[in-house]
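Given next are the chains, with one letter for each unit.
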Amino acid sequence: MVFKHEQLLGKSRFRSSYDAVIIGGGLHGLATAYYLAKDHGINNVAVIEKRYIGFGGAGRNTAIVRANQRTQENLPLYQEALKLWPLLTRELDFNLMFYNCGNLNLAHSDAAIKSLRLNVSSAQFHGIDSRLLDAKECKTLVPALDISDRPRYPIFGGMYHPPGGIVRHDAVVWGLARGCIKHGVHIHQNTEVTDIGVKNGKVEFIETTRGKIKTEKVLNAAGAYSAALAYQMLDIRMPISVLTIQAMVTQPLKPLMDHVVSSGAYHVYANQTLKGEIATGSHMDPWPNYTTQNTAYYIKHQAEALTELFPCLKGAKFMRIWGGLADMTPDMAPIIDGNDPVEGYFVDCGWGYFGFKSSAVTGKYMARFMATGQCPAILKPFTRQRFEKHRLMGETAALVEFSPNN
Amino acid sequence: MSLTITCPICGKRSGYEFRYGGEDKGPRPDEDELTPEKWFDYTHLNTCIAGMQKEWWCHRDGCGTWFKIYRDTRTIGEVPLPVEDKIKDA
Amino acid sequence: MKRLSQLPTCRIDPEKKVFITYRGKSYQGYEGDTVASLLYANGIRIFSRSLKYHRPRGLYSLDGECSNTTMAIDGIPNLRTETTPARHGMTVKAQNVVGSPEFDLLGIMDRFSRAMPAGFFYHMFHKPPSLWPLALKRIRKIAGLGTLRHDFVMQVRFDEIYPHTDLCVIGGGPAGMSTALAAADQGLQVILIEARPWLGGIFDYRPAKYLDGFSLHERAGVLSQRVTENKNIRVFLQTAVVGIYPDNQITAFQVGGRPDAYKERYVEIRAKSLVVATGCLERPLLFENNERPGVMQVGCAHRLARTWGILPGKNAVFCTGHDLGLEAAIDLFDLGMEVLCVADNREDGQDAELVAELKKRNIPFYRGWVAAKVKGKKAVKAVTISTVSGTRRRDIPCEVLVASAGLTPATGLLSIAQCKLSYDNHTGFFLPVNLPERVYASGRMLGFHHPLSIEISGRLAGLNAAAGCKETTNGLRKEVEEQLATLPGPPLGSKWVSPPGKGKKVFICFDEDATLQNIDQAFSVGFEMPELIKRFTAAGTGPGQGGIPGHNLPLYVGQSRLPADDPPSPTTVRPPMVPVLLATYAGKNLDMSKRTPVHDLQISSGGKMERVGGWRRARYFSPDKSIREEIEAVRTSVAILDASTLGKFRLHGPDALKALQRVYVGDMTNIAEGKVKYSAMCNDDGCLIDDGVVVQRGKNDYFFTTSTARAGGTIEWIRFHTRYDGWDFHLVNLTDAFGVINLAGPKAREVLERATDSDVSPEAFPYAGYRELLILNTIPVRVMRLGFVGELSFELHVPASYMITVWKILEETGKPWGIRNFGLEAQNILRMEKGHVIIGSESEQRTTLHDLGLGFLWHRNKPEAKTVGAAALKHTENQKGRLKLVGFEMEDSASAPPRDGSIIVDEKIRGYVCTARYSHTLNASVGMALVEDRLSSISERLAIFEDDCNGKLTYARVARMPFYDPEGARLKI
Ligand SMILES: Cc1cc2nc3c(=O)[nH]c(=O)nc-3n(C[C@H](O)[C@H](O)[C@H](O)COP(=O)(O)OP(=O)(O)OC[C@H]3O[C@@H](n4cnc5c(N)ncnc54)[C@H](O)[C@@H]3O)c2cc1C
Ligand SMILES: [Zn+2]
């Protein structure tokens, strides 16, 4: 049973030139680097991370995975993403701890049922398991729910999505990093990219705190910092707002909740981690900023909402709250582009609070994009141009609150 | 309620009483000038600056005023208006 | 056990017995006991089993830094019995054991610890893949601490308050009290917060001498009396601060005292200045089996005796690194405990007087010695002490090992307050170097040890805080600063001591069962930064968070990994400082919804109320949810709807028209007198966000309505879009000032006629007209002739205070026609039959005015207005491939309507059903859908895919809207 401790993170020599450089040792960056090396034989690749791998959203998210999105542009990507966890576990020989507990989204009005029905029908049309439950069935699934008339937003029903669940976020970061190293990719932590050098419309080099690197291909996968980076280094502005999003956990409890449960009306989701903590989050502070400070308002709100849905949780105790950043686009879908407007410059950002579940699969296609120069069909809908062309994706039906435009 | 904001009318209040109104992008452009590109620029594009930002806020749960402040997006905190700006805005 | 209740420091009341039930047996203690002290006095030594290895755990810090003493009390799991006051009748249960804490079947887990190194799970159970789901089930069962039942009902109440103050002082010890007194003397309003049920802190339980023959305990009494009597100081006892946020926003929770009706109270304070005076904790001493029941910190042993009158055991070995350890050894000896020896990891620097006192009592004293190992499975049987270098060792049989490596400042709250801490070589403390504005620290946490230094440092902080609030105190501050300089400064602190020998069970974090060896394993896989090591080993991520490992981990990482002269850096501390019940955070959790003026009338008429935004509104008026009668009344006779939630605004002033032109897509220049103008507002994307009517009541004076949802945001919206223009106009939100009654149906006029003397004939008051009338010659109402539901209807805007009266008048005058209520669902069908959209129902974020077929509302010839949305309306006017709103009718007239949200498909998804209902009026299933434009022409066949249809599609045809009364004749009667 005893295993040898092998290095997860080797120390690599800092080269002055790479075939491709990935900015950001987050999920998307590591996944892209891994697939560049593994699928395309491009292993002269560096991942440049300003702090440590998983410092950004990768290490702060609540690790929920699901494929019950609203639009057919998004569904296939997330559907493939879900199927990838077991495959990756085997491939990386690293237990990513996919806990396939299923997700339940609650509806608190007929209007909400209608919008869930749209998601459910779309999922079923794509062969994805998702179904509508009435309030009683919700209660059978999650006995801790209060389905009486007492809560301010009584439960009308819910969308049950069995294939979803949670994955251990650290495991994905470390597993991918180990996979990268095994394939010869260099990971440079404590190194910040400070500039991207462009000549004649083409990427030529990047500047880092440890020196210049010559490269013709750069991926901006700096998570929440991507938009600032694009503006600062390339003068490209993005339709993005960077907001703080917080999450928290209770003290560990014996099994109480067997699913991920979420509620739009209450702005809350919760699930029980393998350790037994109830992990919960959802709201964002509605103003842009780059701090990961948490707020008194938020933890109180979360307690109010949770105890409405699950009265028994009054007897649980919060033990830790933390904050991360979410880079939000107006239609709650990411922005993926390459060779536009600068040749050799690729970007994969705008993942807000939903970019964990899609990280591996996006990395896989992003790597193909970077290797071949051709944008794979599955990523095509996500171009930044869609906004200019008045073709919002429709991943959210409601007007977003963080934009002054609504 | 980490953030506090100083409303020109009500004074310093909790940030949650306010609504963020975007980066200060200057007056509304003429309608005829708004090609799709310029329209996109004015309505949706942000600099997302990590640093000092001039921006609009509305005291929504208070007096309802719209006003501009400077805020450091790295610390969340409001910072005093630079002098030259005071003169320009006056 | 006989309790030493006669001690002056003792906090139990021997006259008041308290009984609690533990594991089915009744145990007796006294008022003033905590659950833990009560149980300890009754011989309980093992309080819990650890998370992973199920190792027995007992009292350790007594201040709740770890979860050693957590149990379930009255159904609430994971409560720290060491900080929970014992109350008569409590039922206490052990948790996370199979059996009892003494005999736990899962205790064998401890033997497998070697097979479970750090990061173990990442390498296990995934091969073959089918193993994982099974393993997962087991892991879940074994993980977790206490059990919370899904049907647990919290029987007690919770409170919340939001005080504001000049100064908030955290910590009611000598420093905090001195701070509070100094500031209060300067006229500041002070809130003083103390976690324990009494003031006094480090002075409280100690009989050691203060000055002039007083003991520290007596001094604590004096200070505490002064504080309590001071009118400027408000004291919160049993209150734990859990969060500090910018601008001195402080959150805490207070445990309810005896006469209180609440269990706990959420306290959120805004203070101009903040002083943190939380003193010190003890740095855990690391050695093999350093968490065996019977191993406890100095403060724990000392306070057990002095505060609760319990000798920790018959005999004890002391292994300590600070003078408080020596003092406690002497005092406990004097109270009757056999002290076998005192080992001090410091070579020198001890208080000579204390050393002399030890000698006087013939207690062996070893300098430069530490504990290396504890023997005994469930309790301490013996301890091996050794020199720091491990060269010499001795075994000493004993019952209790009092162990403490040194002191460490309780800077958790400062860290939470975003204060930077930096390692200080002299004290061995992480000291604050960069305090946020108007945040100060005082007392022992700055390294002070001498009683006077502690107090004076507190005073100085109080004066500084006063200066932070207002100008004064300069002279005085200087004086006190000078005084402090003459007093003894911080003594030399004890340094990191590596445990002698190669222990495998040296626990750096109790709650996660993380050992020093686990930390080494993290190093060996390549993690060097404390944050990553925490994640990999889980050290510091349990209920006690950084409480136990927070002090040793950075030092260990520092000395193992950092270059010799790099200072170690502290780990992050996050709120809440101690775990807090969700019930406490939720507080009162009041539900604040709005009611219309006729709310009660709606209910008494059988209205089934639902929450709509911030309001409560009637959805149905039929017990069986059938709304047929409601609809028939509107279509054939007359009915009334409470529409008070509509937004209502007055806009007036010289530039009022300009503002209207900016936000409405229509042209507002010529609204005829006595007429309403229907129009829409778009956002800059050209998407519909609101619709309503505008009336001009006078020169530059308008009255307009918005949808319910937009009522709250309209003023903000108009002001936002005119923010650069400096226009002169005023907006008044009249939403709550007026109620609205929609009187609808072919007989509506007859009803209104009887209620007013005004002429409401079709000629005098035509469709789209606006009139101001008097009801019964007294009540002024504003009336609009509209037709949202497709019948003759009057929308009466009634001063809110007259709503009930007018409502009753209409019900009375409408009797001959059987007037009745109708609700939102009836309205929903009525308007659908009419092809009228509801925003959010027939539109979504990306739906433009054109997409809804409402492009005609846009007046394109007013570019000077810079109308919001106009540019996007121009760009998208002829855009292909958009989702368009269409009406449809089911092909098979007998088939039920598809449920809302069903999708429209061919080989791809082409749209979805917005609203579809069976229409009694039309005797058909009809609906509205958003579909791709190429499917939007009349008679186009739509294939509808409903959830759970198993691939069986239903079909509809695009139909012309409105379905009902296409000519609009019924509006105009
Ligand atoms: C609280 C919270 C909860 C969430 N919950 C979920 C969830 O349940 N499910 C889900 O799917 N998603 C969730 N997310 C979202 C998810 O975490 C992110 O979308 C995801 O991490 C994005 O991955 P990334 O690789 O693009 O960015 P990140 O993981 O943020 O990585 C970006 C990296 O770039 C580095 N970097 C930045 N600038 C530079 C520079 N100049 N040079 C070098 N390196 C740089 C950063 O240090 C960082 O490590 C959540 C996010 C948060 C904050
Ligand atoms: Zn104001």
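Residues numbered from 1 in each chain as written. Chains lettered and ligands numbered in written order. Predicted model: local features only at pLDDT ≥ 70, side-chain atom pairs only at ≥ 80, totals over all residues. Heavy atoms only, no water.

Caption draft 1: Summary view of the overall build of chain A. If you tally the helices and strands in chain A, you get nine helices and 19 strands. Of all 406 residues assigned to chain A, the portion counted as buried reaches 69%. Sequence separation of at least 24 residues holds for 75% of the intrachain contacts in chain A that already meet a minimum separation of 6. Surface accessibility of chain A: about 12,600 Å² in total, with carbon and sulfur atoms responsible for 49%. Computing the positive centroid from 43 side-chain charges and the negative centroid from 35, chain A places the two 4 Å apart. (Helix = DSSP H or I, 4+ residues; strand = E, 2+ residues; numbered from the N terminus. Buried < 20%, exposed > 50% of the residue type's maximum accessible area, 1.4 Å probe, protein only. Contact = heavy atoms within 4.5 Å. Areas by Shrake-Rupley, 256 points an atom, 1.4 Å probe, with all protein chains shown as cover. Lys, Arg positive; Asp, Glu negative; His and termini not counted. Charge placed at Lys NZ, Arg CZ, Asp CG, Glu CD.)

Caption draft 2: Geometry of the pattern of salt bridges. Scanning all chains against the criterion turns up 92 salt bridges over all chains. With a shortest N-O distance of 3.2 Å, Glu91 of chain A and Lys38 of chain A are connected by a salt bridge. Residue Glu91 of chain A is located in helix α2 (residues 75-92), and its partner Lys38 of chain A is located in helix α1 (residues 27-40); the two are separated by 53 residues in the primary sequence. Assessed through its relative accessible area of 32%, Lys38 of chain A is described here as partly exposed. Between Lys874 of chain C and Asp32 of chain B there is a salt bridge, and its shortest N-O distance comes to 3.8 Å. With one member in each of two chains, Lys874 of chain C in helix α23 (residues 870-876) and Asp32 of chain B in the loop between β3 (19-23) and α1 (36-44) form a pair that bridges those chains. On the basis of relative accessibility, which here comes to 37%, the residue Lys874 of chain C falls in the partly exposed class. For Asp32 of chain B, a relative accessible area of 62% translates into the label exposed. Through salt bridges with shared partners, a single ionic network connects Asp146, Arg150, Arg152 and Glu308 of chain A together with Asp591, Arg611 and Arg616 of chain C. (Salt bridge = Lys/Arg side-chain N within 4 Å of Asp/Glu carboxyl O.)

Caption draft 3: The arrangement of the interface of chain C and chain A in detail. The interface of chain C with chain A comprises 116 residues on the first partner and 100 residues on the second. Taken together, both faces of the contact between chain C and chain A bury some 9,400 Å²; the carbon and sulfur share is 57%. For the interface between chain C and chain A, the tally reads nine salt bridges. A salt bridge links Asp93 of chain A to Lys127 of chain C; its shortest N-O distance comes to 2.9 Å. Remark: the boundary between chain C and chain A carries 51 residue pairs in polar contact (both at pLDDT 80 or more). No other element matches helix α2 (residues 131-142) of chain C, which puts six residues into the side of chain C that touches chain A. (Buried area = accessible area lost by both parts, 1.4 Å probe. Polar contact = N/O pair within 3.5 Å; in protein donor to acceptor, adjacent residues only side chain to side chain.)

Caption draft 4: Up close: the packing of helix α18 (residues 656-663) of chain C against helix α19 (residues 714-721) of chain C. All names here are of chain C. The N-to-C vectors of α18 and α19 enclose an angle of 95°; their axes lie 10 Å apart at closest approach. Taken together, the axis directions place α18 and α19 in an arrangement best described as roughly perpendicular. Mapping the contact onto sequence places Ala659, Arg662 and Val663 in α18 and Trp717, Ile718 and His721 in α19. (Axes fitted to C-alpha atoms, helices over the stretch in contact; angles between N-to-C directions. Parallel < 35°, antiparallel > 145°, perpendicular 65-115°, else oblique.)

Caption draft 5: Representation of the sheet that holds strand β35 (residues 677-682) of chain C. Residues and elements named next belong to chain C. Taking strand neighbours across the sheet as the criterion, the five strands line up as β35-β36-β37-β34-β38 in an open arrangement whose pairing is antiparallel. Looking at which strands have only one partner, the edges of the open sheet turn out to be β35 and β38 (730-733). For this sheet the average axis-to-axis angle between neighbouring strands, irrespective of direction, equals 30°. By the bridge criterion, six bridges tie strand β34 (residues 647-652) to strand β37 (residues 701-706) in an arrangement that is antiparallel. Bridge pairing links Lys648 to Thr705 in β37. Where α18 meets the sheet, its contacts fall on β34, β35, β36 (688-698) and β37, and the angle it forms with β34 comes to roughly 135°. Against the sheet, α19 touches β34, β35, β36, β37 and β38, its axis set at about 165° to β38. (Pairing = 2+ DSSP bridges.)

Caption draft 6: Representation of the packing of α1 of chain A against helix α8 (residues 359-372) of chain A. All names here are of chain A. Look at α1 against α8: their axes get within 7 Å of each other, and the N-to-C directions meet at 55°. Comparing the axis directions of α1 and α8 gives the class oblique. Our pair here, α1 against α8, has a crossing hand that is right-handed. Mapping the contact onto sequence places Leu27, His28, Ala31, Thr32, Tyr35, Leu36, Asp39 and His40 in α1 and Ser359, Ala360, Thr362, Gly363, Lys364, Met366, Ala367, Arg368, Met370 and Ala371 in α8. Partitioned by chemical class, the residues of the contact of α1 with α8 number nine nonpolar, six polar and three charged. (Left-handed = near helix turned anticlockwise from the far one by under 90°. Nonpolar A, V, L, I, M, F, W, Y, C, P; charged D, E, K, R; others polar.)

Caption draft 7: Highlighting the interface of chain B and chain C. Contacts between chain B and chain C engage 28 residues on the former and 26 residues on the latter. When the two sides are added together, the surface that chain B and chain C hide from each other amounts to roughly 2,300 Å², 49% of it contributed by carbon and sulfur. Linking chain B with chain C are five salt bridges, by the criterion used here. Put simply, chain B and chain C have 14 residue pairs in polar contact (both at pLDDT 80 or more) between them. Put simply, the parts of the chain that give the side of chain B that touches chain C at least two residues each are β2 (11-14), β3, α1 and β4 (52-58) of chain B. The element contributing the most residues to the side of chain B that touches chain C is α1 of chain B, with five residues. Residue classes in the side of chain B that touches chain C are distributed as 10 nonpolar, nine polar and nine charged.

Caption draft 8: Structural view of unusual backbone geometry. Each neighbour pair has its own omega, and for Pro575 of chain C with Pro576 of chain C the value is -10°, a cis peptide bond. Its place among the elements puts Pro576 of chain C in the loop between α14 (549-561) and β30 (580-581). Phi angles above zero are rare outside glycine, and Asp93 of chain A is one such case at about 50°. Residue position: Asp93 of chain A is located in the loop between α2 and β4 (103-107). The backbone of Asn589 of chain C shows a phi angle near 45°, a positive value even though the residue is not glycine. With respect to the helices and strands, the residue Asn589 of chain C is situated in the loop between α15 (582-586) and α16 (599-604).

Caption draft 9: Spatial organisation of the nonpolar core. Counting residues in hydrophobic clusters, the biggest one holds 133 residues, and the most contacted among them are Ile22, Leu30, Trp85 and Trp174 of chain A together with Phe527 and Phe536 of chain C. Counting residues per element, this core draws most heavily on α2 of chain A, at nine residues. Beyond its immediate chain neighbours, meaning those up to four positions away, Trp174 of chain A contacts Leu8, Ile53 and Phe94 of chain A together with Tyr122, Phe527, Leu532, Arg535 and Phe536 of chain C. Formed by 100 residues, the second largest nonpolar core is a distinct cluster that contains Leu106, Ile278, Ile299 and Leu309 of chain A. (Core = buried A, V, L, I, M, F, W, Y, C linked by side-chain atoms within 4.5 Å.)

Caption draft 10: Layout of the packing of aromatic side chains. Tallied over the full model, the rule gives 41 aromatic pairs over all chains. Between Trp174 of chain A and Phe536 of chain C, the aromatic rings sit 5.4 Å apart at their centres with planes inclined by 65°, giving edge-to-face as the arrangement. Of this pair, Trp174 of chain A sits in helix α5 (residues 169-182) while Phe536 of chain C sits in helix α13 (residues 530-537), each in a different chain. Between Tyr122 of chain C and Phe536 of chain C, the ring centres sit 6.3 Å apart and the planes meet at 10°, which makes this aromatic pair stacked. Within this pair, whereas Tyr122 of chain C is found in the loop between β7 (91-93) and α2, its partner Phe536 of chain C is found in helix α13, the two being separated by 414 residues in sequence. By relative accessible area, which is 5% here, Tyr122 of chain C ends up buried. Through successive ring pairs, a cluster of aromatic residues spans Phe94 and Trp174 of chain A together with Tyr122, Phe527 and Phe536 of chain C. (Phe/Tyr/Trp six-rings, centres within 6.5 Å; stacked < 30°, edge-to-face > 60°.)

Caption draft 11: Up close: the domain arrangement of chain A. Residue and element names in this part refer to chain A. Looking at the assigned domains, one finds that chain A contains domain 1 (5-61 + 169-238 + 337-375) and domain 2 (105-163 + 241-328). Taken over C-alpha atoms, the centre of domain 1 sits 32 Å from the centre of domain 2. Contacts between the two partners involve 11 residues from domain 1, matched on the other side by 12 residues from domain 2. Here domain 1 meets domain 2 over a buried area of about 940 Å², counting both sides, of which 61% is carbon and sulfur. Contact with domain 2 buries surface across domain 1, with Arg60, Ala224 and Tyr353 losing the most and accounting together for 57% of the total. Across the domain 1-domain 2 interface, the total number found is five residue pairs in polar contact (both at pLDDT 80 or more). A breakdown of the residues in the side of domain 1 that touches domain 2 according to their chemical character gives seven nonpolar, three polar and one charged. (Domains from an automatic or database assignment.)

Caption draft 12: Representation of the side chain of Arg117 of chain A. Relative to the helices and strands, Arg117 of chain A resides in helix α3 (residues 110-125). Judged by relative accessible area, Arg117 of chain A falls into the buried class, the value being 10%. Leaving out residues up to four positions away in the same chain, Arg117 of chain A has contacts with Leu132 of chain A together with Arg899, Asp900, Gly901, Ser902 and Asp947 of chain C.

Caption draft 13: Seen up close, the sheet that holds strand β11 (residues 211-214) of chain A. Residues and elements named next belong to chain A. If you trace the three strands from one edge of the open sheet to the other, you get β9-β10-β11, paired in antiparallel fashion. The strands lining the two open edges of the sheet, one partner per strand, are β9 (193-199) and β11. Geometrically, the sheet is characterised by an average inter-axis angle of 25° between neighbouring strands, direction not taken into account. In this sheet, strand β10 (residues 202-208) lies alongside β9 in antiparallel orientation, the contact comprising six bridges. Bridging from a neighbouring strand, Asp195 pairs with Glu207 of β10.

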